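Here is how the chains run, residue by residue.
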Amino acid sequence: MPPLSVLFKTVSTDCNLDCSYCYYRQSLEGMRVRRRIDRGMLEVLLPQYMEYVADVGQAGFAWQGGEPTLVGLDFFRWVVDLQEGHARRGTAISNALQTNGVLLDDAWGSFLRHHNFLVGISLDGPAEVHDIARKDRGGHGSFRRVMAGVDVLRRHGVDFNCLCVVGPHNVHRTRELMRFFRSEGFSHIQFMPAMDFQSTEPEKPAAYSIDPEEYGEFLVQLFDEWYQDGKPRISIRTFDSFLQSYLGAPNELCVHGDSCTAALVVEYNGDVYPCDFFVHPSWRLGNILSHSLRSMAESDERARFVGQKHPLPVECQPCEWKAVCRGGCPRNRITLEDGRQTSEYFCRSYKRFFSYADGRLRSLCERVISRLRYLQQSQLIEVKSRSRLGRNDPCPCGSGRKHKVCCGDPVLSQSYVFRQVG
């Protein structure tokens, strides 16, 4: 049975910021409503979930909102105890927290490090860019407070990455964004186009704050900033996922995967949905208080959702990039009156990107494969001869070059991509 991850809408739409592009704000009621995840519901869900994932031995929890830290640190202390109490022996538990970082302090930092949480920080660039869209309800920018939260994570040695939303405020400032992220030492970044629709309205046509031409040019410039002569030092999740597709590996981003197998989304009251973009009654799989987790995860409704990418739209069929794009996200297609679907909104963006970056992505793939061959052969050499490779020895990857100027090049070994396969 494949692993099953669960994404919790910990406080539903409640948030302490008022970002202009938020795709999950049914209203501006926010703090006045105080939606908080139901502990009784979790006491029902956790035993079922741990039983469901016992065979694969991997339990993945993602905590989002709104702003999930609004639920308070005591809740998370309670939930990790609940997880450990119900986990089968040998089960690896992972927790991820997506936050704006505003409420993080040393107590949070100590807890997150102790329990090995992976933290996602929402950060749109330097102050003059970030504060355009990510304001609080009083209209004040949040950059200074977000960076104070980042400092907390660094002091406590918490693993974290950055989520940068790409909208009108920064889509034409690609190089400025990368200069900022590099200067701050951020090593893992995910860029996501700003949506102009709500996840609670999946029946409405896709709409975004930037057009396909803008996003395509953004990807092209971002790739140039990332590639670094074939030795990228920073992980950009979009490019990591494209590289997976080029290598023929399963793509970790559902947007460019073979099917819609994102984590199950559990709302604060126990309602369950198949995806974060489809939180709507028509896609509700049930409620954990009245339906078993297994029955919802294995239901016909979820199977229908998982398979909705296929068949691909007619425009996708002859496309030379179909094997690496895989049709994008079905949420971004438009259904015509006769029932046919168009290609997704950012189709032209991806065509622009792949036609520009294809040669260098293929070159990276060749070097990754050579790196794997090098590691296998160098280990065999060390086992047989009990000695390490010399700088002037032939490189075991088979290139015919000296070790010191091929896979043994220290600059190459510092590249993010090659560290991942090392």
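Residues numbered from 1 in each chain as written. Predicted model: local features only at pLDDT ≥ 70, side-chain atom pairs only at ≥ 80, totals over all residues. Heavy atoms only, no water.

## Comments concerning the confidence of the model for the chain
Thinking step 1. Averaged over every residue, the pLDDT of the chain is 89; residues scoring 70 or more account for 89%.
Thinking step 2. Confidence over residues 27–31 falls short of pLDDT 50; this stretch has seven contacts with residues more than four positions distant or in other chains. (pLDDT = per-residue confidence, 0-100. Contact = heavy atoms within 4.5 Å.)

## Some remarks on the pattern of salt bridges
Thinking step 1. In the structure shown here, the tally under the stated rule is 19 salt bridges.
Thinking step 2. In this structure, the salt-bridge partner of Asp-276 is Lys-9, at a minimum N-O distance of 3.0 Å. Taken together, the positions of Asp-276 in the loop between β9 (271–273) and β10 (286–287) and Lys-9 in strand β1 (residues 5–9) put the pair 267 residues apart, joining distant regions of the chain.
Thinking step 3. We classify Asp-276 as buried; its relative accessible area is 11%.
Thinking step 4. Here Lys-9 falls in the buried class, since its relative accessible area comes to 1%.
Thinking step 5. Within the structure, one salt-bridge network assembled from shared partners comprises Asp-14, Arg-35 and Arg-36. (Salt bridge = Lys/Arg side-chain N within 4 Å of Asp/Glu carboxyl O. Helix = DSSP H or I, 4+ residues; strand = E, 2+ residues; numbered from the N terminus. Buried < 20%, exposed > 50% of the residue type's maximum accessible area, 1.4 Å probe, protein only.)

## Thoughts on helix α6 (residues 174–183)
Thinking step 1. What α6 keeps buried is the set Thr-174, Leu-177, Met-178, Phe-180 and Phe-181. The buried residues of α6 occupy an angular sector of 160 degrees when projected down its axis, which confines them to one face. Of the residues in α6, the exposed ones pointing more than 90 degrees away from the buried face are Arg-179 and Ser-183.
Thinking step 2. The elements touched by buried residues of α6 are α4 (127–133), α5 (143–156), β5 (160–166), β6 (188–193), α7 (212–227) and β7 (235–236).
Thinking step 3. Positive phi appears at Gly-185, one or two residues downstream of α6, with a value of about 75 degrees. (Arc of directions from axis to C-beta.)

## Overview of the sheet that holds strand β2 (residues 58–64)
Thinking step 1. Within the open sheet, the ten strands sit side by side as β7-β6-β5-β4-β3-β2-β1-β8-β9-β10. Their pairing is mixed. Either end of the sheet is taken by a strand with one partner, and the two such strands are β7 and β10.
Thinking step 2. Taken together, the two bridges between strand β8 (residues 264–266) and β9 define a ladder with antiparallel strand orientation. Within the sheet, the bridge partner assigned to Val-265 lies in β9 and is Tyr-273.
Thinking step 3. Most of the contacts of α7 go to β6, to which it runs at about 170 degrees, and overall it touches β5, β6 and β7. (Pairing = 2+ DSSP bridges. Axes fitted to C-alpha atoms, helices over the stretch in contact; angles between N-to-C directions.)

## Describing the packing of aromatic side chains
Thinking step 1. On inspection of all chains with the given rule, the structure shows 38 aromatic pairs.
Thinking step 2. Ring geometry for Phe-8 versus Trp-63: centroids 4.5 Å apart, planes at 15 degrees, classification stacked. Note that Phe-8 is positioned in strand β1 and Trp-63 in strand β2, a separation of 55 residues in sequence. Comparing Phe-8 with Trp-63, the two get one shared label, buried. (Phe/Tyr/Trp six-rings, centres within 6.5 Å; stacked < 30°, edge-to-face > 60°.)

## Brief notes about the packing of helix α3 (residues 106–114) against α5
Thinking step 1. Orientation of α3 relative to α5, taken along the N-to-C sense of each, is 45 degrees, at an axis distance of 9 Å. Of the possible angle classes, the one that applies to α3 and α5 is oblique. The element α3 and its partner α5 pack so that their crossing is right-handed. Contact residues: α3 offers Asp-106, Gly-109, Ser-110, Leu-112 and Arg-113, while α5 offers Val-152, Leu-153, Arg-155 and His-156.
Thinking step 2. Taken together, the residues of the contact of α3 with α5 sort by class into three nonpolar, three polar and three charged. (Parallel < 35°, antiparallel > 145°, perpendicular 65-115°, else oblique. Left-handed = near helix turned anticlockwise from the far one by under 90°. Nonpolar A, V, L, I, M, F, W, Y, C, P; charged D, E, K, R; others polar.)

## Considerations on the state of the cysteines
Thinking step 1. Counted according to the given criterion, the structure contains zero disulfides.
Thinking step 2. A disulfide-free cysteine, Cys-316 has its sulfur positioned 5.9 Å from the sulfur of Cys-347, the nearest such atom. (Disulfide = S-S within 2.5 Å.)

## Remarks on unusual backbone geometry
Thinking step 1. That bond from Gly-65 to Gly-66 is cis: its omega, 10 degrees, falls within 30 degrees of zero.
Thinking step 2. Positive phi is not limited to glycine here, since Arg-326 has a value of about 60 degrees.
Thinking step 3. Mapped onto the fold, Arg-326 is located in the loop between α11 (322–325) and α12 (347–385).

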